[in-house]
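# Chain and residue survey
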Amino acid sequence: GAVTDGNSDPRTIKQFAPYFDFCINAESVGVSKPDRRVYSQAVRKAMTLRPDIFSDIIDKDENNIADVVVGPYWCHIGDDYLKDIVAAKSMKMRTIYAIGLIKDKLLADDISSTRSSSE
């Protein structure tokens, strides 16, 4: 699944579509990342779509704490350190900081700030 603050949906990209069963848009949850409710919604959606994956770690009567239990079995990949990595870590999720996704922007910002400070 995917979690986004924007309106992107990897299922609409041919190369990514086979790898994503759902996309949770923060706006549809009513909050933005890094609010844990966005991630909780993604966990609940995954549990609904693939209960077989979670059946050995989740007691069906305890779905209200599912996001806490699932955390260690979840890997969140993100390009924003605060909104993605810190937020997911707070739910005990494993994380991958995909800085390569934003490397060009970071380099451009660094060049701009270097030029500004030297002027």
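Before reading on, note that the structure itself is shown above.
Report follows, based on the coordinates. All of these numbers come straight from a predicted model, not from anything done at the bench.

### Re the overall build of the protein chain
- Assigned secondary structure in the protein chain consists of 6 helices and 4 strands.
- Listing every helix and strand of the protein chain by position from the N terminus yields β-β-α-α-α-α-β-α-β-α.
- Taken over 119 residues, the protein chain has a buried fraction of 29%.
- As displayed, the protein chain offers around 8,100 Å² of accessible surface, 53% of which is attributable to carbon and sulfur atoms.

### Comments concerning a nonpolar patch on the surface
- A cluster of nonpolar side chains, contributed by Y81, L82, V86, Y97 and I99, occupies part of the molecular surface with about 470 Å² of accessible area.
- Here the nonpolar patch gets 3 residues from one element, more than from any other, and that element is helix α5 (residues 81–90).
- Mapping Y81 onto the fold places it in helix α5.

### Points about α5
- Within α5, the full set of buried residues consists of D84, I85, A87 and A88.
- Elements that come into contact with the buried residues of α5 comprise α2 (36–49), β3 (75–78) and β4 (94–97).
- N-cap assignment for α5: the residue whose side-chain oxygen lies 3.1 Å from the backbone N of L82 is D80.

### Quick look at the environment of G71
- Within the secondary structure, G71 sits in the loop between α4 (66–70) and β3.
- In this structure G71 comes out as buried when scored by relative accessible area, which is 0%.
- Sequence-wise, G71 and V43 are 28 residues apart; in three dimensions their C-alpha atoms are separated by 8.6 Å.
- Leave out the neighbours within four places in its chain, and G71 touches M91, K92, M93 and R94.

### Section: the nonpolar core
- Counting residues in each nonpolar core, the largest one holds 18 residues, and the members touching the most others are V38, Y39, W74 and M93.
- Mapped by element, the contributors of at least two residues to this core are α2 and α5.
- With near-sequence residues (within four places) excluded, Y39 lies in contact with V3, K33, P34, H76, K83, D84, A87, M91 and M93.

### Considerations on the pattern of salt bridges
- Tallied over the full model, the rule gives 5 salt bridges.
- For R11, the salt bridge goes to D9, with nearest N and O atoms at 2.7 Å.
- Among the residues examined, D9 registers a relative accessible area of 18% and is labelled buried.

### A look at unusual backbone geometry
- Cis rather than trans, the peptide bond between K33 and P34 has omega equal to 20 degrees.
- Of note, P34 is situated in the loop between α1 (26–29) and α2.
- Notably, K92 is not glycine yet its phi reads approximately 65 degrees, a positive angle.
- Note on placement: K92 falls in the loop between α5 and β4.
- Classification of K92 by relative accessible area gives exposed; the value is 55%.

Basis of the calculations
- Every chain's residues receive numbers from 1 upward, in the order its sequence appears when written.
- Whole-chain, interface and lining totals are the exception, using all residues; otherwise, since this is a predicted model, local features are given only for residues with pLDDT of at least 70 and side-chain atom pairs are given and counted only at 80 or more.
- The side-chain figures draw on all heavy atoms in the structure; neither hydrogens nor water molecules are used.
- Secondary structure elements are taken from DSSP: a helix is a run of H or I of four residues or more, a strand is a run of E of two residues or more, and numbering for both begins at the N terminus.
- Only protein chains enter the accessibility calculation, which uses a 1.4 Å probe; a residue whose area is less than 20% of its type maximum is buried, one above 50% is exposed, and one in between is partly exposed.
- All accessibility values rest on the Shrake-Rupley procedure with a 1.4 Å probe; residue burial counts only the protein chains present in the view.
- Grouping into patches uses exposed residues only, defined as over 30% relative accessible area, and leaves out salt-bridged ones; the cut-off is 9 Å for like charges and 5 Å for nonpolar side chains (Val, Leu, Ile, Met, Phe, Trp, Tyr).
- A pairing counts as a salt bridge when a side-chain nitrogen of Lys or Arg comes within 4 Å of a carboxyl oxygen of Asp or Glu.
- It only takes one pair of heavy atoms within 4.5 Å for two residues to be counted as in contact.
- Counted as a polar contact is a pair of N or O atoms within 3.5 Å, where, for protein atoms, one must be capable of donating a hydrogen and the other of accepting one, and residues adjacent in sequence contribute only when both atoms are in side chains.
- Definition of nonpolar core: a set of buried residues of the types Ala, Val, Leu, Ile, Met, Phe, Trp, Tyr and Cys, connected through side-chain atoms within 4.5 Å.

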